[in-house]
Amino acid sequence: MPQRTATIGSSVGLHARPAALFVEAAQGTGLDVEIGRPGEDPVDATSILGVMALGAKHGEEVVLTAEGDGADAALAGLVDLLNRDLDAEE
Amino acid sequence: MSGERRSGVGVSPGTAAGPVVQVAPPVKAPADEPAPADAEAAAESVRGALSAVGEDLDARAAAADEHAQPILKATAMIARDKGLAKAAAKQVAAGKGPATAIAAAVDEFAAQFEALGGYFAERVTDLRDVGSRAIAHVLGVPTPGVPELSGPSVIVALDLAPAETAALDRSHVVAIVTEHGGRTSHTAILAAQMGIPAVVQLPDATGIPAGTTVAVDGDAGHVVLDPDTRLLEIQRARREKLAAALDELHGPGRTADGHAVALLANIGGVDDAVAAGAADLEGVGLFRTEFMYLSAATLPSVEDQADVYRQVLAPFPGRRVVIRTLDAGADKPLAFADLGEEENPALGRRGLRLCQARPELLDSQLEAIALAAKDTGAEVKVMAPMVATTDEAEWFATRVRAAGLPSAGVMIEVPAAALRAHHVLSHVDFGSLGTNDLAQYTMAADRGEGELASLLDPWQPAVLQVIEAACKGGHSSDRPVGVCGESAGDPFLALVLTGLGVASLSMAPSKVPAVRFALSRHTLAECRSLASAALDAPTAERARQLVKAGAKNEVTDLL
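Residues numbered from 1 in each chain as written. Chains lettered and ligands numbered in written order. Predicted model: local features only at pLDDT ≥ 70, side-chain atom pairs only at ≥ 80, totals over all residues. Heavy atoms only, no water.

With respect to the pairing of strand S14 (residues 430–433) of chain B
All names here are of chain B. Of the two faces of S14, the one carrying Phe 430 and Ser 432 and the one carrying Gly 431 and Leu 433 are both buried. Two strands pair when backbone bridges link them, and strand S13 (residues 408–412) and S14 are joined in this way by four bridges, in the parallel orientation. By the bridge assignment for S14, Gly 409 is matched with Phe 430. Pairing between S14 and strand S15 (residues 481–483): three bridges, direction parallel. The residue bridging Gly 431 from the neighbouring strand is Val 481, located in S15. (Buried < 20%, exposed > 50% of the residue type's maximum accessible area, 1.4 Å probe, protein only. Helix = DSSP H or I, 4+ residues; strand = E, 2+ residues; numbered from the N terminus. Pairing = 2+ DSSP bridges.)

Structural data, given as structure tokens:
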């Protein structure tokens with residue numbers, strides 16, 4: 001299963017607006033996407049509550065997995081999104 | 001029952017009339033909800049409720065202004081969340097009724113968020129709001145929260161939570177009435193910001209049928225149900241006369257004989273600063289800096305802090321801005337400087353006490369303020385919250401001067417500091433009475449406890465006497481003492497405070513014109529005699545009556 005690592009770029013962590021933007025993007029892929037800390041149980045990346053409950057802080061590493069057609073491209077987009085400071089962007 | 005008059009506590013001045021819009025309280029799942037006979041129907045009912053809430057919130061987001069829109073959209077996203085639906089479905093499968101299942105699913109996520117703390121814990125309010133709305137849908141009761149307003153409305157609620165007011169269409173709210181709440185409650189602060197009348201502690205306010213026209217008098221604390229046209233006419237005429245009287249006056253605060261009392265604004269962020277900067281006032285008497293720290297997971301960098309201070313100071317070239325350093329504690333915990341739970345946070349390690357435990361926080365704040373002060377033309381002063389002793393005042397002043405800032409002061413909100421003001425102030429440049437906390441500590445009454453509103457009344461003669469002691473200490477140590485509590489915005493109390501010797505009054509900007517008007521009609525000697533009448537009064541109520549009776553008619557008639 002395709003898997004990629006990202007570092008949380010948002011200064012507030014993966015929370016509030018950054019979490020909402022990420023979840024919307026994950027939903028937009030139409031795939032089953034999961035996000036989690038390395039070596040821990042992942043959560044559903046299309047669930048805003050799941051993603052927020054993960055509580056990923058600024059600078060933390062997270063692992064993304066996806067299954068289905070176009071999973072590699074979808075993951076690349078999501079990794080890019082996570083690496084940016086989404087809270088600072090308008 | 002035409003003309004029925006009820007009395008509560010007026011917390012924001014002025015009069016207004018309009019139809020009542022009741023804010024329905026949050027809904028809880030009934031404790032005795034039976035297990036569902038048909039599990040599939042129950043599951044469907046949960047799904048239907050959550051998706052209806054999501055749709056409703058989306059529709060409201062589409063119609064909301066730019067401020068409320070992101071909040072409503074994010075809340076809608078929670079309602080449509082797969083994880084929440086799954087958790088609720090699991091509860092139904094385990095034999096719970098639909099409302100109980102939603103409540104349990106919400107509790108599950110709320111516990112996770114609360115454990116994360118800081119930013120994450122704040123989302124619990126939105127999550128619970130979604131749960132409450134979905135439960136209302138399942139039970140077929142009115143949706144909790146503020147309904148959509150179609151015209152001028154008087155908002156009536158048991159109490160208003162900050163989350164409920166975020167989505168409030170401010171252009172349609174003409175007055176706020178609550179059954180609970182106190183003088184320093186969120187309702188009072190919000191209404192003062194909006195410049196609309198508010199009455200709290202009104203008996204059976206939630207029993208007033210929606211749509212009933214009410215006349216609200218935020219000065220007297222009265223609400224009249226189905227007022228006759230005569231009353232509405234009197235109130236309207238009074239509003240117009242007052243507006244005309246206020247319009248005539250401009251510029252710095254002065255008594256009738258020219259004694260200067262600076263009129264300043266209390267602000268809590270950049271938006272407030274911009275609004276206050278455009279208003280006719282002499283500067284800022286209290287800038288609460290907590291907003292930029294409470295929501296941060298780590299201490300913001302000095303440069304990031306300085307950026308915010310620059311924005312706050314920019315509108316005030318040549319005017320003073322008094323910045324209160326970090327006032328956090330167990331009740332307003334910082335994610336990056338949590339000293340742990342306290343049994344009694346109001347009496348715990350908060351304000352300067354927290355900064356003494358973590359001096360690097362204060363030093364970084366002072367450094368940022370000093371940077372911003374250099375870049376703007378504002379006359380910057382800093383003051384410490386929660387100072388009780390001379391040693392604390394000295395400790396703070398030393399650090400302020402080391403940071404290169406010209407003026408250090410202390411809040412006088414602990415009676416100990418007021419009683420010992422001569423000594424405490426000798427180490428600093430000024431004092432500022434925080435009358436909300438001063439009343440809380442003098443009367444040993446929790447500020448958040450609405451039932452104790454009468455003890456927290458700043459007209460309590462004991463509170464006035466403590467203020468007098470602080471003013472005397474300021475006088476003998478030759479240091480100015482101002483007031484930055486909400487009491488400064490009560491025009492009659494402003495006269496008393498002036499008579500007691502305060503040098504400045506800092507309040508919600510909307511309250512400045514009425515205070516300027518009251519001051520302009522009384523001499524300093526008259527203010528002193530009103531102050532001694534208030535001090536001699538046996539009760540808060542009597543003090544207020546005596547001062548209103550002793551003030552000039554042209555002021556009492558209009559305010």
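The structure having been displayed, the exposition proceeds.
Overview of helix H14 (residues 390–402) of chain B
Its 13 residues give H14(B) an end-to-end C-alpha distance of 18 Å, which sits within 8% of 18 Å, the value for a rise of 1.5 Å per residue. Downstream of H14(B) by a residue or two, B:Gly404 has a phi angle that is positive, lying close to 85°. (Expected span 1.5 Å × (residues − 1).)

What about unusual backbone geometry?
All names here are of chain B. Backbone geometry at Gln 201 places phi at a positive 60°, although glycine is not the residue there. Relative to the helices and strands, Gln 201 is located in the loop between strand S6 (198–200) and strand S7 (213–217). According to the relative accessible area criterion, Gln 201 is partly exposed, its value standing at 21%. Even without being glycine, Met 386 reaches a positive phi, approximately 65°. Among the structural elements, Met 386 can be located in the loop between strand S12 (379–384) and H14. Using a relative accessible area of 2% as the deciding quantity, one classes Met 386 as buried.

Topic: the interface of chain A and chain B
With 18 residues of chain A at the contact, the number on the chain B side is 15 residues. Of the roughly 1500 Å² buried between chain A and chain B on both sides combined, carbon and sulfur atoms contribute 73%. It is A:His15, A:Leu49 and A:Met52 in chain A that bury the most area against chain B; as a group they hold 39% of the surface buried on that side. On the surface where chain A and chain B come into contact, there are one salt bridge. B:Lys82 serves as the salt-bridge partner of A:Asp44, at 3.3 Å between the closest nitrogen and oxygen. Applying the counting criterion to the chain A and chain B interface returns five residue pairs in polar contact (both at pLDDT 80 or more). Every element with two or more residues in the side of chain A that touches chain B is listed here: helix H1 (16–29) and helix H2 (48–54) of chain A. The residue makeup of the side of chain A that touches chain B, split by class, is 10 nonpolar, five polar and three charged. (Contact = heavy atoms within 4.5 Å. Buried area = accessible area lost by both parts, 1.4 Å probe. Salt bridge = Lys/Arg side-chain N within 4 Å of Asp/Glu carboxyl O. Polar contact = N/O pair within 3.5 Å; in protein donor to acceptor, adjacent residues only side chain to side chain. Nonpolar A, V, L, I, M, F, W, Y, C, P; charged D, E, K, R; others polar.)

Everything listed here is a matter of geometry and, on its own, says nothing about what the molecule does.
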